[in-house]
Each structure stands twice: as structure tokens, then as C-alpha cells.
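# Results of the structural survey
Listed here are the chains, written in short residue letters.
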Amino acid sequence: MLNKAYVEITNQCNLNCAFCPKTRRPPRRMSTAEFAAVAAALQEYVRFLYLHLMGEPLSHPELGEILTVAGQKGFRVCITTNGTLLGQRGGVLTAHAAVLHKLSVSLHALEGSGAGLSMEAYLESVWSVCSALREQGVHCALRLWNEGGAAERNGEILRFLEEKTGVDPEMLPRTRSRSRVLGKDLFLEQEQVFAWPDKGAAETGAQFCFGLRDQLGVLADGTVVPCCLDHEGDVPLGNLFETPLADILASPRARTLYDGFSRRAPAEELCRRCGFATRFNR
Ligand code: SF4
Ligand code: SF4
């Protein structure tokens with residue numbers, strides 16, 4: 001059983017962050033019927049569904065229907081969002097809170113994208129939706145993954161959180177996963193700017209990864225990839241709209257990838273250039 005599948009319900013986003021590699025794949029959204037087929041195919045193999053890989057899940061017009069289907073199939077769902085659509089679409093999440101396990105909001109996206117939105121209005125809408133979800137037991141993680149990058153507005157964000165919680169967030173200790181507990185079901189995650197794997201980059205010395213052990217990704221066209229970082233579909237393992245997951249996982253390419261990590265010798269060019277996976281070196 002895999003812990004999670006990243007299902008890309010759309011590869012389109014309403015922002016244009018400087019740190020985002022984007023994708024050269026054609027713009028595509030999964031229909032609710034296609035999502036239902038993916039969810040059925042994953043049902044026996046995966047615990048949690050994450051409704052993103054590239055793209056902004058809240059921009060999907062059928063997000064409510066998709067969450068309903070996920071719930072019917074017995075999944076708990078995690079959503080990562082840039083948060084800019086929470087003012088308009090947050091009601092879809094609160095209406096489906098029973099299906100949600102966690103909402104992660106990338107607070108670094110507003111500055112990183114240069115979007116001309118009011119920071120105060122943005123933070124208030126994020127806070128409002130998170131408060132409603134937390135009342136229903138949904139974990140909310142506020143991300144500032146911009147250390148070493150565009151982080152000039154972090155002070156405003158931290159002051160806002162201090163006003164809301166009554167505590168200076170940076171005075172709080174970090175947990176083992178490096179997050180800070182701001183309140184019940186509310187976490188602040190501060191990390192370095194994230195480096196996406198890129199086949200054109202230099203080798204990083206990555207040796208091991210949990211791709212296909214703990215997680216896999218399903219792109220908007222049904223292509224299965226080993227992880228949430230394969231934004232171009234550089235490691236296509238098969239198409240879930242055409243092939244059962246068991247056959248995809250048993251394919252020579254998938255087996256070679258899995259065994260390569262077991263031997264600390266990544267088989268895929270992309271994986272040998274993955275900065276994220278270096279954290280698993282030991
Ligand atoms: S919000 Fe996410 S998907 Fe959208 S441009 Fe920024 S990093 Fe990329
Ligand atoms: S090494 Fe990087 S690119 Fe390869 S499966 Fe792991 S996270 Fe994905």
C-alpha cells in the first residue's frame with residue numbers, strides 16, 4: 001500500500017511564480033468522470049489523495065464534484081494551494097471538510113508570483129477558510145518555503161499571524177518535522193526555496209527516494225509518474241486510463257526505478273538530478 005498519490009486534477013495555474021518550473025505539457029483538466037476512474041484505479045493501492053502536482057486545484061470548476069467522488073471512494077484528501085482563490089472558492093472546501101485531511105497554503109506564492117493582490121486581503125481569506133476547516137478537524141499548514149529566495153514580505157505575514165494567534169511565530173519551537181504549531185491543527189512550515197529536479201541540471205548525488213515506495217503521481221492526462229516532482233512527465237510509467245495500476249507498477253521501467261533506489265543507484269536521469277532526494281542520502 002502506498003501512502004499517497006498526487007493526482008493532478010489540472011495542470012493550469014492562475015499564478016506565474018518565478019520559482020515554478022511550469023510545464024511544457026498541453027494545458028489539461030481532468031473531468032470528474034476521469035477523476036472517478038483514477039480514484040477507482042487507486043482505491044486498493046493508496047491511502048491519501050493529494051489533488052495537485054502542477055496547477056492550482058482551486059481553479060478546477062468541478063472541484064466540489066471531485067471531492068464528493070473522493071469521499072465516496074473512501075479517500076481522505078490533501079490539497080495544496082497558492083491560496084489566492086480561497087476568497088472565491090473556499091466554500092467548496094468547507095462544504096467538503098469531511099473528506100479533507102489537510103490544506104496546505106503556499107503563502108510564499110503571492111510575493112513569488114508578483115501577483116498584484118492585497119497581502120492583507122489575501123491573508124484574511126486564508127485565515128478565514130483555515131479557521132472554518134480547523135473547526136471541522138482539518139489540519140492547515142501555512143507554508144513559507146522561500147528562505148534564501150523572495151522573502152521580503154515574510155515579515156508582514158509573520159506579523160499577521162502574531163496578531164491572529166497572540167504569539168510571535170518565530171519564538172515557537174520547531175517540531176521534528178521542522179514546522180511550528182501555531183494552534184490546534186494549525187502549522188507554520190518554513191523551508192529553503194525548493195529546487196525542482198530537471199533533466200538539464202547537474203547531477204546532485206541523490207541515492208535513494210521514496211518514489212513508488214511511498215508515493216506516485218498521476219498527471220492530468222492519466223500518465224503515472226513516480227512522484228510529485230516530475231512536472232514534465234519525464235518518467236512516464238504507463239497511463240491509468242488505459243492500464244491497471246498493478247501492471248504499471250510491474251512494468252520493467254517501474255521495477256528498474258524501484259530496484260535502483262534499493263541499491264542506492266537511481267536508474268532515471270531525472271532522479272540523479274533531484275535536489276529533493278538528496279535529503280534521503282545516508
Ligand atoms: S502557484 Fe504553484 S503551480 Fe502556480 S505558478 Fe506558483 S508554484 Fe507554479
Ligand atoms: S528522485 Fe526526485 S524525481 Fe526521482 S522519484 Fe524521487 S522525488 Fe521524484
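Only a predicted model underlies this, so the values are computations on that prediction, with no experimental measurement involved.

### Thoughts on the overall build of the chain
Regarding its fold elements, the chain presents eight helices and ten strands. Whereas a compact globule of 282 residues would reach a radius of gyration of roughly 19 Å, the chain reaches 19 Å, a difference of no more than 12%. Along the three orthogonal principal directions, the C-alpha set of the chain runs to about 55 × 40 × 35 Å. Here the chain, with 282 residues, has 50% of them falling under the buried criterion. Sequence separation of at least 24 residues holds for 70% of the intrachain contacts in the chain that already meet a minimum separation of 6. As presented, the chain carries roughly 12600 Å² of accessible surface, and 49% of it is formed by carbon and sulfur atoms. Charged side chains of the chain number 31 positive and 32 negative; the gap between the two group centres comes to 5 Å.

### Examining the pattern of salt bridges
Counted by the stated rule, this structure contains 16 salt bridges. Between E191 and R178 there is a salt bridge, and its shortest N-O distance comes to 3.5 Å. Of this pair, E191 sits in strand β7 (residues 186-192) while R178 is found in the loop between α6 (154-165) and β6 (179-183), placing the two residues 13 residues apart along the sequence. The class of E191 is partly exposed, set by a relative accessible area of 24%.

### Re the site of ligand 1
Taken together, C13, L15, N16, C17, F19, C20, G55 and N82 form the complete shell of residues around ligand 1. Residues of the shell around ligand 1, tallied by class, amount to five nonpolar, three polar and no charged.

### Observations regarding the side chain of R180
The residue R180 is located in strand β6 in this model. No salt bridge forms around the buried R180; measuring N to O, its nearest opposite-charge neighbour E170 is 4.5 Å away. At 3.3 Å, the side chain of R180 forms a polar contact with the backbone oxygen of P169. Side-chain polar atoms of R180 contact the backbone oxygen of L172, separated by 2.7 Å. Residues within four places of R180 in sequence aside, it is in contact with P169, E170, L172, P173, R174, L186, F187, L188 and Q190.

### A short note on the site of ligand 2
Every residue near ligand 2 is listed here: P197, C209, P226, C227, L229, F261, L270, C271, C274 and A277. Here the shell around ligand 2 is composed, by residue class, of ten nonpolar, no polar and no charged.

### So, helix α5 (residues 119-135)
Taking 1.5 Å per residue as the helical rise, α5 with its 17 residues ought to reach 24 Å, and the 24 Å between its terminal C-alpha atoms agrees with that figure. For α5, the N-terminal cap is S118; the gap from its side-chain oxygen to the backbone nitrogen of E120 is 3.3 Å. Among the residues trailing α5, G137 stands out with phi positive, at a value near 85 degrees.

### Some points on the packing of aromatic side chains
Scanning the model with the defined rule gives seven aromatic pairs in all. With a centroid separation of 5.0 Å and an interplanar angle of 85 degrees, the aromatic rings of F208 and F210 are classed as edge-to-face. In this structure F208 comes out as buried when scored by relative accessible area, which is 5%. For the cation-ring pair, R213 lies above Y258, with the distance from its terminal atom to the ring centre recorded as 3.9 Å. Of note, R255 hangs over the ring of Y258, and the distance from its end group to the ring centre comes to 4.9 Å.

### What about the pairing of strand β5 (residues 139-147)?
Each regular strand shows side chains that alternate between the opposite faces of the sheet. Relative to β5, strand β4 (residues 100-106) runs parallel, the two being bridged by five bridges. For V105, the partnering residue across the bridge sits in β5 and is L142. Where β5 lies against β7, six bridges are found, and the strand directions are parallel. Within β7, the residue paired with L142 across the bridge is L188.

Rules of the game
Residues numbered from 1 in each chain as written. Chains lettered and ligands numbered in written order. Predicted model: local features only at pLDDT ≥ 70, side-chain atom pairs only at ≥ 80, totals over all residues. Heavy atoms only, no water. Helix = DSSP H or I, 4+ residues; strand = E, 2+ residues; numbered from the N terminus. Rg over C-alpha atoms; globule rule 2.2 N^0.38 Å. Buried < 20%, exposed > 50% of the residue type's maximum accessible area, 1.4 Å probe, protein only. Contact = heavy atoms within 4.5 Å. Areas by Shrake-Rupley, 256 points an atom, 1.4 Å probe, with all protein chains shown as cover. Lys, Arg positive; Asp, Glu negative; His and termini not counted. Charge placed at Lys NZ, Arg CZ, Asp CG, Glu CD. Salt bridge = Lys/Arg side-chain N within 4 Å of Asp/Glu carboxyl O. Near = heavy atom within 4 Å. Nonpolar A, V, L, I, M, F, W, Y, C, P; charged D, E, K, R; others polar. Polar contact = N/O pair within 3.5 Å; in protein donor to acceptor, adjacent residues only side chain to side chain. Expected span 1.5 Å × (residues − 1). Phe/Tyr/Trp six-rings, centres within 6.5 Å; stacked < 30°, edge-to-face > 60°. Lys NZ or Arg CZ within 6 Å of the ring centre and 35° of its normal. Pairing = 2+ DSSP bridges.

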